[in-house]
Amino acid sequence: MSLTFERLKKQDLLLSAVLYEKIPKEELIQHLNQVKGEQFDLIDSWTYEALEAEVKLMIEKKHDEFRRTRTMSIEEEILLKPNVIINDEKNYRETISCKQLPPNRIVLYYVENPQIIIQPRIAEYKIIEGNTFTPNYVNYCVVVGQFGSNVWRRVEHFYWLQESLQQQYPDSLIPPLPAKTLFRKFTPEHISKRCKMLEQFLSAILNNHLLRQSDFIEGFLFIEDDIKFKQLLAASTVLKQPTKYTDYANQEGQVILEFNPMMDKYFMDINNYMLNTNDIYKELTDNSRFLVQSMKDFILKVKNLAGSIGSLKEATKAFNLKNIVGSLPLLEFVYTLLEEYLVDWGVNLNKLANTLNENLYEFFRFQRDMQNQCVELISNRNKAQSRYLKEFQDLMKKKHKYFTTEPIEKWEMVTEMDKIKIKQSQILSYHFMLPKETQEVEELKMRFAYINRQAYQQITQYFDNKGISYTTRMCNMSIRKKENAAQHTQHVEKIASQFMQIVAMRNGEVPNLKQEWIDQYFNPLRISCIVK
């Protein structure tokens, strides 16, 4: 279990105790402080198992006290539903047992290394030439360093993985992929851009607690044998989307259905937040793309400048070869140094542009697409809620009309209980009348509760992971920039020392290559070049 997901589970455990078990927040914190002997606010100081044990102990004591002081009414006994913690118009939570998946090697790795983030890489690619019947295509080498895996996959396999996960885990936050194009492009720039998107797609799956449990992602990353991988592809074609909650499969072996006013408020606020920041992400994407493109244009000018200096060097060299008297060896050497400097500068700028492109433009574009996926998931959640509430309210109006005006024979009740006794209780009457319509509304409620819970869990986890992704990328960016700067500085100092020797020799002095000389003579030149 990753640290992010474990923290979410602990927060959910405490929220459930307060919302559904009606344990006062202050009482809960006081009890846990007494047990732990320290400030409870440090939630990470608790393991999930220890926290769960203490919360269950409090709940059991509360239930025992409740049973001693109060006897259930007939209505409560009849309406009592197993595994349903709370069930009213605004609050609902039910746990349903489903198929339990054995943990795959990805899940086991996260259990043993919760602080590590797995980041798949596309180490290389090959353009495979087709024939009369098959077009050219690109093969990508997917590497996962933590497992030492190395597999070759086509882009069609990435789309297959996305579709299989959508089928296996409906109403989940499935990461986006680059849009399919009518005409295939095989330029290095296009393929490199696609590689970064594919890497982020795989990383987002592995950072999702639910999606990484799938056999499909495990097979995609680790099956090297082509025949076995084709068997996995064939097996996915017969996979049917689960229609019953008992048909779902996950590591926990249970599906939680839930809604409450606090979650309603969360979705309203987070949806507004994402809509408000969507334009900002577009600006970030556009500005970072403009920055990278401007740097590439500048790099091209530096390259052309180096080419011009190189042409001067070659012309001077040709003159020197033809003329022993009056040759210009010093000028040829100066042109050589200038060309080396400009070439190295262009290489360093190109590395910086690639770093910015990967960690800014490509990253912001992917996050923008992911956020759009979140908005779509919330939209589906809101549609499910609206449909349920409309049908529920219509049904309640109809039941009220039947209860107050219609004879009991029209209630369509199917029960062995005394119908006269049922009619004496409005609660029981509403429960038993119109069973077919009641069941349809109950299914709508469960459907909404399922997608509500899924959306809440997946979106909160996504935003938590986003902060980690930002931090990781900025660290990588800083490290690469530092390494590039160190290499560039080393090369520049070498060129600068040679310039200093020329100056010293022209002045009839013995060269003295102190660092302060390099700073005095070279740095202003470098700064002026950059400014220009």
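Check the entry above for the structure.
Each chain carries its own residue numbering, running from 1 in the written order of its sequence. Predicted model: local features are reported for residues with pLDDT of at least 70 only, side-chain atom pairs are reported and counted for 80 or more only, and whole-chain, interface and lining totals are derived from all residues. Note: side-chain values were computed over all heavy atoms of the structure, leaving out hydrogens and water.

Section: the overall build of the protein
- Helix and strand assignments follow DSSP, with helices taken as H or I runs no shorter than four residues and strands as E runs no shorter than two, numbered in order from the N terminus. Assigned secondary structure in the protein consists of 16 helices and eight strands.
- In the protein, buried positions account for 42% of the 532 residues.
- When checking whether two residues touch, look at their non-hydrogen atoms; a contact exists if any pair is within 4.5 Å. Restricting the contact set of the protein to residue pairs at least 6 apart, pairs at least 24 apart contribute 74%.
- With an accessible surface of roughly 30,300 Å², the protein has 55% of that area assigned to carbon and sulfur atoms. Classification of residues uses two cut-offs on accessible area relative to the type maximum, computed with a 1.4 Å probe and protein chains only: under 20% is buried, over 50% is exposed, and between them is partly exposed. Values of accessible area rely on a 1.4 Å probe in the Shrake-Rupley scheme; residue burial ignores everything except the protein chains shown.

Focus on the packing of helix α10 (residues 261–322) against helix α11 (residues 329–405)
- Think of each axis as a best-fit line through the C-alpha atoms, taken over the contacting stretch in the case of a helix, with angles from 0 to 180 degrees between the N-to-C directions. Where α10 contacts α11, the axes come no closer than 6 Å and their chain directions differ by 165 degrees. The orientation of α10 with respect to α11, classified from their angle, is roughly antiparallel. At the point where α10 passes α11, the crossing takes the left-handed sense.
- For the contact of α10 with α11, the residue count by class is 34 nonpolar, 16 polar and nine charged. The scheme is simple: roughly parallel for angles under 35 degrees, roughly antiparallel for over 145, roughly perpendicular for 65 to 115, oblique for anything else. Here is the rule for handedness: rotate from the far helix to the near one, and if that takes an anticlockwise turn smaller than a right angle the crossing is left-handed, while a clockwise turn gives right-handed. Note on residue classes: Ala, Val, Leu, Ile, Met, Phe, Trp, Tyr, Cys and Pro are nonpolar, Asp, Glu, Lys and Arg are charged, and everything else, Gly too, is polar.

Some remarks on the sheet that holds strand β5 (residues 137–144)
- Between any two strands, pairing holds if DSSP finds at least two bridges. Spatial strand order, β4-β5-β6: three strands in an open sheet with antiparallel pairing. Two strands bound the open sheet, and with one partner strand each, they are β4 (121–128) and β6 (149–154). This sheet shows a mean twist of 25 degrees between the axes of neighbouring strands, independent of strand direction.
- Where β4 meets β5, seven bridges bridge the pair, whose relative direction is antiparallel. In the strand pairing of β5, Arg 121 is matched with Val 143.

What about the packing of aromatic side chains?
- Geometry of aromatic contacts follows a simple scheme: Phe, Tyr and Trp rings, the Trp one being its six-membered ring, pair when their centres are within 6.5 Å, and the pair is stacked under 30 degrees between planes, edge-to-face over 60, tilted otherwise. Tallied over the entire structure, the rule returns 26 aromatic pairs.
- Consider the rings of Phe 259 and Tyr 388, whose centres lie 6.0 Å apart with planes at 45 degrees: the pair is tilted. One end of the pair, Phe 259, is in strand β8 (residues 254–259); the other, Tyr 388, is in helix α11, and 129 residues separate them in sequence.
- Residue Phe 259 is classed as buried on the basis of its relative accessible area, which comes to 4%.
- Relative to Phe 448, the ring of Tyr 388 has its centre 6.3 Å away and its plane inclined at 15 degrees; by these criteria the two rings are stacked. Highlighted residues: Tyr 388 in helix α11 and Phe 448 in helix α14 (residues 435–506), separated in sequence by 60 residues.
- Residue classification places Phe 448 among the buried residues on the basis of a relative accessible area of 2%.
- Pairwise contacts between aromatic rings join Tyr 92, Phe 259, Tyr 388, Phe 392 and Phe 448 into one cluster.
- Charge over a ring is defined by NZ of Lys or CZ of Arg lying within 6 Å of the ring centre and within 35 degrees of the ring normal. Residue placement shows Arg 105 over the ring face of Phe 222; its charged tip is 4.4 Å from the ring centre.
- Its guanidinium or amino end placed over the ring of Trp 152, Lys 126 lies 4.7 Å from that ring's centre, counting from NZ or CZ.

A few points about the packing of helix α7 (residues 188–206) against helix α8 (residues 215–222)
- Two numbers describe how α7 lies on α8: the axes approach to 11 Å, and their chain directions differ by 135 degrees. Taken together, the axes of α7 and α8 lie oblique to each other. Crossing hand, α7 versus α8: left-handed. Contacts between α7 and α8 involve Leu 202, Ile 205 and Leu 206 on the former and, on the latter, Ile 217, Phe 220 and Leu 221.
- Grouping the amino acids of the contact of α7 with α8 by side-chain chemistry returns six nonpolar, no polar and no charged.

Details of the environment of Gly 307
- On the secondary structure map, Gly 307 appears in helix α10.
- The sequence separation of Gly 307 and Glu 339 amounts to 32 residues, and the corresponding C-alpha distance is 7.6 Å.

Examining the pattern of salt bridges
- By convention in these notes, a salt bridge is any Lys or Arg side-chain nitrogen within 4 Å of a carboxyl oxygen on Asp or Glu. The tally for this structure, following the rule as stated, stands at 18 salt bridges.
- Where Glu 258 meets Arg 93, a salt bridge forms, and the shortest distance between an N and an O atom there is 3.2 Å. Pair noted here: Glu 258 is in strand β8 and Arg 93 is in strand β2 (residues 92–97), with a separation of 165 residues, a long-range link.
- Among the residues examined, Glu 258 registers a relative accessible area of 2% and is labelled buried.

As for the environment of Leu 101
- In this structure, Leu 101 sits in the loop between β3 (99–100) and α5 (105–112).
- In the structure, Leu 101 is positioned 114 residues away from Asp 215 in sequence and 9.3 Å away in space, judged by C-alpha atoms.
- Beyond its immediate stretch of four places on either side in the chain, Leu 101 contacts Tyr 169, Gln 213, Ala 249, Asn 250 and Gln 251.

Here's the deal with helix α9 (residues 226–237)
- Each residue after the first adds 1.5 Å to the expected span of a helix. Here α9 is 12 residues long and its end C-alpha atoms lie 17 Å apart, about the 16 Å a rise of 1.5 Å per residue gives.
- For α9, the set of buried residues is Phe 229, Leu 232 and Ser 236. Each buried residue of α9 sits inside an arc of 50 degrees when the element is viewed along its axis, so together they form one side. Exposed side chains of α9 directed beyond 90 degrees from the buried face belong to Ile 227, Lys 230, Gln 231 and Thr 237.
- If you follow the buried residues of α9, they end up packed against β6, α6 (155–168) and α8.
- Side-chain atoms alone can form a polar contact between residues adjacent in sequence; in general such a contact is a pair of N or O atoms within 3.5 Å, and within protein one must be able to donate a hydrogen while the other accepts it. Structurally, the start of α9 carries an N-cap: the backbone nitrogen of Ile 227 is 3.1 Å from a side-chain oxygen of Asp 225. The arc in question is the one traced by the directions running from the helix axis out to the C-beta atoms.

Looking at the nonpolar core
- With 37 residues, the main nonpolar core has Tyr 140, Phe 158, Leu 161, Leu 202, Phe 220 and Leu 221 as its most contacted residues.
- Counting only elements with at least two residues in this core, the list comes to α5, β5, α6, α7, α8 and α9.
- Examining the composition of this core, we find that seven residues originate from one element, α7, more than from any other.
- Once you skip the residues sitting within four places of it in the chain, Phe 158 turns out to touch Ile 122, Tyr 140, Val 142, Arg 153, Leu 177, Leu 198, Phe 201, Leu 202 and Phe 220.
- Among the nonpolar cores identified, the runner-up in size contains 28 residues, and Phe 392, Leu 395, Phe 448 and Tyr 450 belong to it. Think of a nonpolar core as a cluster: buried Ala, Val, Leu, Ile, Met, Phe, Trp, Tyr and Cys residues, connected wherever their side-chain atoms sit within 4.5 Å.

A closer look at unusual backbone geometry
- One non-glycine residue, Asp 171, lies in the positive phi region at around 60 degrees.
- Here Asp 171 shows up in the loop between α6 and α7.
- For Asp 171, a relative accessible area of 17% puts it in the buried group.
- At Glu 412, a position not held by glycine, the phi torsion is positive, near 60 degrees.
- For Glu 412, a relative accessible area of 45% gives the class partly exposed.

As for the side chain of Ser 203
- Turning to its location among the elements, Ser 203 is positioned in helix α7.
- The class of Ser 203 is buried, set by a relative accessible area of 15%.
- Among residues more than four places away in sequence, those in contact with Ser 203 are Ile 118, Gln 119 and Pro 120.

Just distances and angles here, no functional claims.
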